[in-house]
Amino acid sequence: MRYGYFDDEKREYVITQPDTPLPWINYLGCEEYFGLISNTAGGYSFYRDARLRRLTRYRYNNEPLDEGGRYIYLRDNVSGQFWSPTWQPTRMPLEEYTCRHGMGYTAIRSLNQGIEAQVRYFVPLGESLEVWQLSLTNRRPAPARLSAFSLVEFCLWDAQDDATNYQRNFSTGQVEVVDGVIYHKTEYRERRNHFAYFACSEPLAGFDTQRAAFLGPYRGFDRPRAVEQGQASNSIAYGWAPVGSHAIRLELAPGETRTVVFLLGYHENPVEAKFDPPGSQTINKSTVVPIIRRYLQPEQVEAAFQALRSYWSGLLGRLQVNTPDEHTNRMVNIWNAYQCMITFNMSRSASFFESGIGRGMGFRDSAQDLLGFVHMIPERARQRILDLAATQLESGGAYHQYQPLTKRGNNDVGSNFNDDPLWLVLAVCAYIKETGDEGILQEMVPYDNRPGSETPLYDHLQRSLHYTLERLGPHALPLIGRADWNDCLNLNCFSDTPGQSFQTTTNKDGKVAESVFIGGLFVLAAKEFADMAEHLGQPDEGLPYRQAAASMGATVLSAGWDGDWFLRAYDDFSQPVGSSQNVEGQIFIEPQGVCVMAGLGLEDGRAARALDSVGERLATPHGIMLQQPAYSQYYLHLGEISSYPPGYKENAGIFCHTNPWIMIAEAVVGRGDRAFDYYQRINPSRREAISDVHRCEPYVYAQMIAGRDAPTHGEAKNSWLSGTAAWNYVAITQWILGIQPDYGGLRVTPVLPAGWQGFQARRTWRGVPYEITVERRGPGNTVALAVNGKPVEGNTIPVAEAGQTSVSVHVTIS
Ligand code: GLC
Ligand code: GLC
């Protein structure tokens, strides 16, 4: 069953009924001002940091779900009836409803009682504000006398404090209302120099800024007294819960359309010019009023919207493919790339499963996300790399997270996730392959942001590798620390105290438990580093890492091989985890993926054997499970993984992030049918047809799909912010379609399903578009290349010569 359809031409998903199984969301903003928005206009906004600069309140886990948003109420002033054109919050039935989620905007259209309403929400490029463009058309044969009310509920900036510190917060709220603009200025009188504003293009019939006055006693957003009575009360908030609501009256002739613009924005003043007149307590508005005036003009708004559209066409245009599969085309060309950009913006911080409070930018998460967005925004990827590296510690370890506002490592979460630093190596190599910008390696980057501690980025990468080598356990495999990629395999935690964080509690000194996964990841990263050093003309510098990779590889193949697959780990008693000797958790997906990606077991068939075991034991029609058999009870020595009921999350859920590692590994061993089959199983667009089972948005990947042990097998959870986005993008574009940026050229090594006759791609690489046509002439994966009509040895298209404006590439595989 479906709840909408894809409109690929417009790059939109069109939702045709408001009561989707879960709120289906989209993101607004791509620079500093962001918001998330559901298909019924729920959601919240923030400036740079979802915790520390939150503009509006939001209650996701409410009943009904998804409360608080960018609300508009319409009222027929003759009948007194009112409704929300975005369905929530009144949930009055609408005669027609569609929500179009597009690239950086959402437009909701409805028809009710002869009044057609369309509201389009977006954030103009370069601005820290959002626009709500409301168009109302009278489809009745007679004139319509209407009122419209807007509504946002302000957050008192720090979202955590806002939700907990009531003794203070009930007394601090402050607003100003001047020339119809509502200014939210809580704490502006003291240490803040920022405020929010909410403006409307129409003359006001009234306004409200105190929530209780707008709603009336014991009423929710679904039935505000002001709307019911058709009359705002011009309330001014002193403490309690400041809101912003404009009331306007409109008379529409039959067929007439009127457009009203609302602006919600964030603004900072210089500290010395906060007040006007100086010495008063009144906000200096001289810096913000010109911005407000500008965007209240419909032509400016339209121009800003067109600019946003071309911005996204530019980004997505860097890689467009035409394959025999519509789901592949749609995901690669539109939604998967878009999701990668959203993970660039948000990391894991703000979604409907992350409250925007708990997590900043993850070190390993951001480094992996980069693999999916680097070709779209190389300049900003460069900055991300430098920001991440600056939170690395002198030991080579890394803060697990940093706060986007301060760019400082988060002390509460700390360090000792022993895989973290290795991902930086992969990110930097991917960046240089994409851009050719070797200069980044010489950038001076501090440790823990400490001035004076700077070394070239190149040294940071070496320290990352040494961090692993300096922390080996009894089998000479890497010590796991608090956790490796699997945050929930906590082998040094031993927590029996409710409420302790599995991620930050360690009750063992961590000198025994080892990770085969980190072993495989080290081999991959050390080889990447050695390749890079060779490419830079410094093979001597690469050699020790090549040797270290070889010796770690040998260790993994001996101490880390179980017979039919790679082991997962050794626990604190030096007992295997992920072994046929275990009763539960016999085989894990992660080491099978990463070890084969690192090239382990390719010569002696163990790679293929491990992948066959994955196929036999872990694959389901809904994707590949993380491990089997699921843990049926809590194991003190394994930690959080066994805290989840069987089939969910890391305990044998289909943790989608890991699936593309298997797709890539299948491509590495040359099995295109299997690689593509796995790709299809979790492809959201393909799962659209079973939206009633899948339940999450059909246009983006979710973190997890419930595994076979779960009563809700096939149900997705935690959409949008997941490494799944980047890795699936890499798996399909670089391994199955096989277009891989490399230092000295663009490599093309497709590993396609047998039934495909080929595909076309247009890839912009280092500023030049490559028009690639791939044609199958035989059943294998052997590549023959012709570049601009001339045969080229090997499988790598050389970097285009200066002045070339496009390169045409013909590839045959046989
Ligand atoms: C979450 C985390 C990620 C971790 C994964 C597996 O997605 O953001 O860092 O690797 O879970 O536990
Ligand atoms: C939980 C989740 C895991 C995530 C971690 C991050 O443990 O299960 O996926 O990585 O939280 O804090």
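Residues numbered from 1 in each chain as written. Chains lettered and ligands numbered in written order. Predicted model: local features only at pLDDT ≥ 70, side-chain atom pairs only at ≥ 80, totals over all residues. Heavy atoms only, no water.

S.K.: Now, about the site of ligand 2: what can you tell me, with residues and values included?
M.R.: In the region of ligand 2, the neighbouring residues are Arg359, Asp487, Cys488, Gln503, Glu640, Tyr644, Lys649, Glu650, Phe655 and Gln703. Within the side chain of Glu640, one N or O atom sits 2.8 Å away from an oxygen atom of ligand 2. Grouping the amino acids of the shell around ligand 2 by side-chain chemistry returns 3 nonpolar, 2 polar and 5 charged. (Near = heavy atom within 4 Å. Polar contact = N/O pair within 3.5 Å; in protein donor to acceptor, adjacent residues only side chain to side chain. Nonpolar A, V, L, I, M, F, W, Y, C, P; charged D, E, K, R; others polar.)

S.K.: Explain the pairing of strand S7 (residues 71–76) to me, and be specific about the residues and the numbers.
M.R.: Burial within S7 is extensive, with 6 of its 6 residues counted as buried. The alternating pattern of S7 places Tyr71, Tyr73 and Arg75 on one face and Ile72, Leu74 and Asp76 on the opposite face, and all of these are buried. Pairing between S7 and strand S13 (residues 144–157): 6 bridges, direction antiparallel. The partner of Tyr73 across the bridge, within S13, is Phe149. As paired elements, S7 and strand S8 (residues 82–83) share 2 bridges and run antiparallel to each other. Bridge pairing in S8 places Arg75 opposite Phe82. Linkage of S7 to S8, two consecutive antiparallel strands, is achieved through a turn of 5 residues, within which Gly80 is found at a positive phi near 80°. (Buried < 20%, exposed > 50% of the residue type's maximum accessible area, 1.4 Å probe, protein only. Helix = DSSP H or I, 4+ residues; strand = E, 2+ residues; numbered from the N terminus. Pairing = 2+ DSSP bridges.)

S.K.: Run through helix H6 (residues 298–316), naming residues and quoting values.
M.R.: With 19 residues, H6 extends 27 Å from end C-alpha to end C-alpha; this agrees with the ideal 27 Å at 1.5 Å per step. Every buried residue of H6 is accounted for by Val301, Ala304, Phe305, Leu308, Trp312, Leu315 and Leu316. An end-on view of H6 places all buried positions within 105° of arc, on one side of the element. (Expected span 1.5 Å × (residues − 1). Arc of directions from axis to C-beta.)

S.K.: I'd like a description of unusual backbone geometry, backed by residues and values.
M.R.: With an omega of 0°, the peptide bond running from Gln88 to Pro89 counts as cis. Tracing the chain through its elements places Pro89 in the loop between S8 and strand S9 (96–102). Here Gln628 and Pro629 are connected by a cis peptide whose omega angle stands at -20°. Turning to its location among the elements, Pro629 is positioned in the loop between strand S31 (627–628) and strand S32 (654–655).

S.K.: Tell me what's going on with the packing of helix H7 (residues 326–346) against helix H8 (residues 363–373), and back it up with residues and numbers.
M.R.: Where H7 contacts H8, the axes come no closer than 9 Å and their chain directions differ by 145°. As for how H7 packs across H8, the hand of that crossing is left-handed. The segment H7 lies against H8, with Cys340, Met341, Thr343 and Phe344 engaging Asp369, Gly372 and Phe373. Split by residue class, the contact of H7 with H8 holds 4 nonpolar, 2 polar and 1 charged. (Axes fitted to C-alpha atoms, helices over the stretch in contact; angles between N-to-C directions. Left-handed = near helix turned anticlockwise from the far one by under 90°. Contact = heavy atoms within 4.5 Å.)

S.K.: Account for the pattern of salt bridges, naming residues and giving values.
M.R.: It is possible for side chains of opposite charge to pair when their charged atoms get near one another. Summed over the entire model, instances satisfying the criterion amount to 56 salt bridges. Here Arg59 and Glu153 are joined by a salt bridge, their closest N and O atoms 3.1 Å apart. Of the two residues, Arg59 is situated in the loop between strand S6 (54–56) and S7 and Glu153 in strand S13; the sequence distance between them amounts to 94 residues. Owing to a relative accessible area of 4%, Glu153 belongs among the buried residues under this scheme. For Glu176, the salt bridge is made with Lys185, and the minimal N-O distance between the two is 2.8 Å. The same class applies to Glu176 and to Lys185, which are both buried. (Salt bridge = Lys/Arg side-chain N within 4 Å of Asp/Glu carboxyl O.)

S.K.: Requested: an account of the sheet that holds strand S40 (residues 790–792), with residues and values cited.
M.R.: Here we have 6 strands laid out as an open sheet, ordered S20-S37-S38-S42-S39-S40, and mixed in their pairing. Each edge of the sheet is formed by a strand with only one pairing partner; in this case those strands are strand S20 (319–322) and S40. Averaged over all adjacent pairs, the angle separating strand axes in this sheet is 20°, with direction ignored.

S.K.: Summarise a nonpolar patch on the surface; cite the residues concerned and give the values.
M.R.: Nonpolar side chains collect at one region of the surface, where Tyr166, Phe170 and Trp240 lie side by side and expose about 350 Å² of accessible area between them. Mapped onto the elements of the fold, Phe170 is located in helix H2 (residues 166–172). (Patch = residues over 30% accessible without salt bridge, like charges linked within 9 Å, V, L, I, M, F, W, Y side chains within 5 Å. Areas by Shrake-Rupley, 256 points an atom, 1.4 Å probe, with all protein chains shown as cover.)

S.K.: Can you explain the nonpolar core? Please cite residues and give values.
M.R.: By size, the foremost hydrophobic cluster in this structure holds 250 residues, and its most contacted members are Tyr770, Ile772 and Ile797. Ranked by residue count, the leading element in this core is helix H12 (residues 516–535), at 12 residues. The contact partners of Ile772, leaving out residues within four places of it in the chain, are Ile739, Leu746, Phe759, Gln760, Ala761, Ile797, Val809 and Val811. (Core = buried A, V, L, I, M, F, W, Y, C linked by side-chain atoms within 4.5 Å.)

S.K.: Could you give an account of the packing of H8 against helix H10 (residues 420–435), with specific residues and numbers?
M.R.: Axis separation between H8 and H10 bottoms out at 8 Å; the angle between their running directions is 20°. As the angle between them shows, H8 and H10 are arranged roughly parallel. As for how H8 packs across H10, the hand of that crossing is left-handed. Contacts from Phe363, Arg364, Ala367, Gln368, Leu370 and Leu371 in H8 reach Asp420, Pro421, Trp423, Leu424, Leu426, Ala427 and Ala430 in H10. Across the contact of H8 with H10, the residue classes break down as 10 nonpolar, 1 polar and 2 charged. (Parallel < 35°, antiparallel > 145°, perpendicular 65-115°, else oblique.)

S.K.: Mind laying out the side chain of His694, listing which residues take part and the relevant values?
M.R.: Mapped onto the fold, His694 is located in helix H19 (residues 691–694). Judged by relative accessible area, which is 3%, His694 ranks as buried. Leaving out residues up to four positions away in the same chain, His694 has contacts with Arg687, Ile705, Gly714, Glu715 and Ala716.

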